[in-house]
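# Observations on the three-dimensional arrangement
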Amino acid sequence: METNTQNRPLLGVLSAPPEGVHNDCSPVTMEAQPLPVAATLRKLEIGEEAVFPIEQRSSILTTLSRFRTDYARQGWDAEATTNKLNFTVVVKRVS
């Protein structure tokens, strides 16, 4: 069976142990660790997504605005969606 690696989101490293593994009976929470914003966005191909922690939202939006201007001749564009339930920002490269 062939695996499809296209359009798989880039994720930060999870900081919590795998589900079901508890330390001192504390609840398990999953948090994505910060990614380098500019380098990650620059590497995105059209249709690919990157998932960032919500704490990086302002840096992501600023970088997207800058890239839209700097790479206007190449037609670079991406969309950012904030997920307040998962505390993430998903960036999808659209052109």
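Described below are features of the structure shown in this document.

### Some thoughts on the pairing of strand E4 (residues 88-93)
Across five bridges, strand E2 (residues 49-53) lies against E4 in antiparallel orientation. Note on E4: the bridge partner recorded for Glu49 is Lys92.

### Some points on the side chain of Thr63
Along the polypeptide, Thr63 turns up in helix H2 (residues 57-70). Under the relative-accessibility criterion, Thr63 is labelled buried at 9%. Polar side-chain contacts of Thr63 include one of 2.8 Å to the backbone oxygen of Ser59. Contacts of Thr63, omitting those with residues within four sequence positions, involve Val37, Ala38 and Leu41.

### Description of the pattern of salt bridges
For the structure shown, the criterion picks out two salt bridges. Measuring nitrogen to oxygen at the nearest pair gives 3.8 Å for the salt bridge that ties Arg66 to Asp70. In this pair, Arg66 and Asp70 are both assigned in helix H2, four residues apart and thus about one turn of the helix distant. Of the charged contacts in the structure, one is a salt bridge between Arg68 and Asp77, with a shortest N-O distance of 2.6 Å.

About the criteria used
Residues numbered from 1 in each chain as written. Predicted model: local features only at pLDDT ≥ 70, side-chain atom pairs only at ≥ 80, totals over all residues. Heavy atoms only, no water. Pairing = 2+ DSSP bridges. Helix = DSSP H or I, 4+ residues; strand = E, 2+ residues; numbered from the N terminus. Buried < 20%, exposed > 50% of the residue type's maximum accessible area, 1.4 Å probe, protein only. Polar contact = N/O pair within 3.5 Å; in protein donor to acceptor, adjacent residues only side chain to side chain. Contact = heavy atoms within 4.5 Å. Salt bridge = Lys/Arg side-chain N within 4 Å of Asp/Glu carboxyl O.

The values reported here are purely geometric and, on their own, carry no functional implication.
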